[in-house]
Amino acid sequence: MNTAANTFDVAIVGLGPTGLTLAHGLGQRGHRVLVLEREPRFYGNARAVYTDGECLRIFQSFGMAETLAADMLQDAPVQMMLPDGSVLFQLKNTHRPHGWPANNFFYQPLLETALAEGLARYPNVTVLRGRELTRFEQDGGGVDLFHIATAGTGYGKAAQPAVATGEPVPGEVHLRARWMVGADGGRSSVRTQLGIGMTGKSFPNPWLVVDIKAKDPADGLHHLPYFNFICDPTCPTVSCVQPNGHHRFEFMLMPGQTREHMEHPDTVRHYLSKHVNVDKFHILRTLVYTFNALMAERWREGRVLLAGDAAHMTPQFIGQGMNAGVRDAYNLAWKLDAVLRGQAGEALLNSYESERRPHAAAMTREGIRMKDFVSMVNPVGTLLRNALTRVVVRLPKLGTFVRQGDFIPKPSYSNGRYVGLRRRRRAGAEGRLMPQPLLRGPDGRRRLLDELIGPGFALIGAGTDPRSALDDETRALWQSMGATFVSVHPFGGLPQGSVTHAVPAGLIEAEDPDGSFHTWWRRSGAGKGFVAVVRPDRFVFALVPGQQLAQVTREFARQMHRDQALAQAPVSQTATSIHTLPQAA
């Protein structure tokens, strides 16, 4: 029998960065969330080491960015080094289109611990560690989950218990959730029980990872201030900066070198000694691993969805494995929220994969290209690579593109595969992440855009009240969605001089001191009287002239499958949560 104590809106399997992000995204919106994590305690070593400004913006959305950034190295250049110590070229990008640095290096145990401790602010989020999902069954209304106590596997150090078989297990506990998300990593038991395969490629080249920590954080790493890819054909190497005296080295195994030989303490010390004084460091971990470029055949099966490494795995060479999972969770959070509230139909969740899959695949392809660049061992090939690179990075436009890392795929969805209007021009804003300018808010203080508009939908006008073009029905719909209405003026351009210019109730007025908002506005093809419809994940649904906004609102209702939501909603919900509109012509 199901009771309130064992019934949840969403059950998340896995408490890595993906599951943590999703738990925050749903927790702050008031949903009852359960997180099951097999391991009784956090993994004590680093895996991911890098995040970008886009993901820090995601962490900002639930109030954790400042806490996490306090333990990050920010704006550190990334270098391609040659064996003689010379710099082939540097990747340097100090632009902050999302309000945060583009390059941020961290120590994952600190990041995960902070995110987990942050969940304590939500009384509606329950975390159960040392609990393993054994099986689940789903129907049209939800998912029945069964789990048992487990000592874990030490994150792969011990053999995995054969409990995730789909068969009943003595001592298992039953609970029910309306939706379930498998964020349980590359060896996902959720994906396995769904019978979903992975396609792609596993790479045979093993790498030795060595994590070290300085005995004195102020001594031993001064000569390694940046992240280095050492393009040495005799031993391709990665030297990764981290905060608080932590550092990571990765060495590619060459033909004939075995795992046992490379993990031997004498071998590890030999390789480290090429770069640091080993006696000044604690060696925290040594591990030989291979990497994969794999994608799940599908990311949704009924009321069960996959996210993070359970859905896709990418080589680590552009640092986007963890970040891809964080983006998955952010995309899923607002859509699950809308469905749970009856503001959207369940079909909205199909857009999760159609939006995220092409972007995750693009990141994987770029990671493979970077791997090929760094790990080249052919002597002639490396000479050609070095010569061509020196030419390319000196070219006026292409060189800037490479040196700023602009080859890394941008947060942009494939046209026609996202929730929003189709882009009508190459630089169109629809289906792309809106920048986060630093604005001057109503209180006269500088605020990042997302802090002004809050966590939901937003209608933003340039110097105009976006509601002025709405009729009663479309205005009521946006109000039922909890949308924020914003008018952004040029710096010094706020209405003044008459009491008739008082700010209308329910409108946030802000100024654009450095002009970056209006630069993006014009570049996107918008002009005076245009309005941007911005999703909760800050992707742009539409950027249109105000007179088209009522029609766009009707298209929004269609793409959110609000008719389906109305048909599925309980009688008590239909009067308050769902506002219907006539279909767009």
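Residues numbered from 1 in each chain as written. Predicted model: local features only at pLDDT ≥ 70, side-chain atom pairs only at ≥ 80, totals over all residues. Heavy atoms only, no water.

With respect to the packing of aromatic side chains
Note the following rule: Between 30 and 60 degrees the pair is tilted, below 30 it is stacked and above 60 it is edge-to-face, where a pair is any two Phe, Tyr or Trp rings, Trp via its six-membered ring, whose centres lie within 6.5 Å. Helix and strand definitions here come from DSSP, where helices need a minimum of 4 consecutive H or I residues and strands a minimum of 2 consecutive E residues; each element is numbered from the N-terminal end. Exposure is judged per residue with a 1.4 Å probe applied to protein chains only, and the accessible area is read against the type maximum: over 50% gives exposed, under 20% gives buried, and values in between give partly exposed. We call a charge positioned above a ring when the Lys NZ or Arg CZ atom is no farther than 6 Å from the ring centre and deviates by at most 35 degrees from the ring normal.
Enumeration over the complete set of coordinates arrives at 18 aromatic pairs. Taken together, a centroid distance of 5.3 Å and an interplanar angle of 20 degrees make the contact between F105 and F227 stacked. One end of the pair, F105, is in strand β7 (residues 104-106); the other, F227, is in strand β14 (residues 227-230), with 122 residues separating them in the sequence. Overall, the relative accessible area of 8% leaves F227 in the buried class. Through a chain of ring-to-ring contacts, the aromatic side chains of W334, F457, W478, F541 and F556 assemble into a single cluster. One Lys or Arg, R32, reaches over the ring of F8 and ends 4.6 Å from the middle of that ring. Just above the ring of F373 sits the side chain of R385; from NZ or CZ to the centre is 5.4 Å.

Section: the layout of surface pockets
Put simply, the test is: The distinction between a cavity and a pocket rests on a 1 Å grid over the protein atoms alone: a 1.4 Å probe fits inside a cavity but cannot get out, while a pocket stays open yet meets protein on both sides within 12 Å along at least five of seven lines, and a residue with an atom within 4 Å of a point counts as lining. Grid points are joined across faces, edges and corners, and a volume is the space filled by probe spheres set on the points. Basically, the charged four are Asp, Glu, Lys and Arg, the nonpolar ten are Ala, Val, Leu, Ile, Met, Phe, Trp, Tyr, Cys and Pro, and anything else, Gly included, counts as polar.
Empty space within the second largest pocket amounts to approximately 340 Å³. Lining of the second largest pocket is provided by 16 residues; of these, F89, F373, T389, V402 and F407 occupy positions nearest its centre. Elements with a minimum of two residues in the lining of the second largest pocket: α9 (350-374), α10 (379-392) and α11 (396-403). With 5 residues, α10 is the single largest residue contributor to the lining of the second largest pocket. The residue inventory of the lining of the second largest pocket, partitioned by class, reads 12 nonpolar, 1 polar and 3 charged.

Focus: helix α13 (residues 472-480)
What counts, and what does not: Regarding the arc, it is the one traced by the directions from the helix axis to the C-beta atoms. Contacts between residues were defined by any pair of non-hydrogen atoms, one from each residue, lying within 4.5 Å. Any pair of N or O atoms that falls within 3.5 Å is considered a polar contact. Within protein, one atom must be able to donate a hydrogen and the other to accept it, and sequence-neighbouring residues count only if both atoms are side-chain atoms.
Within the span of α13, buried status applies to T474, L477 and W478. Along the axis of α13, the buried positions cluster into a sector of 95 degrees, meaning they face one direction only. Turning to α13, the residues buried within the fold contact β24 (458-462), β25 (484-490), β27 (530-534), α15 (549-559) and α16 (562-568). The residue sitting at the N-terminus of α13 and contributing the capping side-chain oxygen is D471; that oxygen lies 3.2 Å from the backbone nitrogen of E473. One or two positions beyond α13, positive phi appears at G482, with a value near 75 degrees.

Regarding the confidence of the model for the protein chain
What counts is decided by this rule: What pLDDT reports is the predictor's confidence in each residue, on a scale of 0 through 100.
The pLDDT averaged across the protein chain works out to 90; a share of 93% of its residues lies at or above 70. Within the model, the stretch residues 158-162 combines pLDDT values under 50 with 8 contacts to residues more than four positions away or in other chains. The low-confidence segment residues 571-585 (pLDDT under 50) makes 35 contacts with residues lying over four places distant or belonging to another chain.

Quick word on unusual backbone geometry
With a phi close to 60 degrees, D75 is a non-glycine residue in the positive phi region. Relative to the elements of secondary structure, D75 occurs in the loop between β4 (72-74) and β5 (78-81).

Remarks on the pairing of strand β9 (residues 131-139)
Test applied: Whether two strands pair depends on DSSP finding at least two bridges between them.
The sheet contact formed by β9 and strand β10 (residues 142-149) spans 8 bridges and is antiparallel. Its bridge partner lying in β10, R135 is registered against F146. From the end of β9 to the start of β10, which pair antiparallel, there are 2 residues.

Quick look at the environment of L421
By secondary structure assignment, the location of L421 is in the loop between α11 and β22 (438-440). Sequence separation between L421 and F556 is 135 residues; the distance between their C-alpha atoms is 8.6 Å. When neighbours within four sequence positions are excluded, L421 is seen to be in contact with E430, F541, A542, V544, V552, E555 and Q559.

So, empty space enclosed by the protein
All chains considered together, the criterion is met by 3 cavities of 30 Å³ or more. Of the voids in this model, the largest cavity is the one considered here, and its volume is about 130 Å³. Around the largest cavity, the lining comprises 14 residues; the ones closest to its centre are E54, R327, Y330, Y413 and F539. Elements with a minimum of two residues in the lining of the largest cavity: α2 (53-61), α8 (321-340) and α9. Class assignment of the residues belonging to the lining of the largest cavity gives a composition of 6 nonpolar, 2 polar and 6 charged. Empty space within the second largest cavity amounts to approximately 50 Å³. Residue lining of the second largest cavity: T67, L68, D71, M72, F106, Y107, L110, L111 and A114, and that is the complete set. Of all the elements in the fold, those that place two or more residues in the lining of the second largest cavity are α3 (65-69) and α4 (108-118). Residues that form the lining of the second largest cavity fall into these classes: 7 nonpolar, 1 polar and 1 charged.

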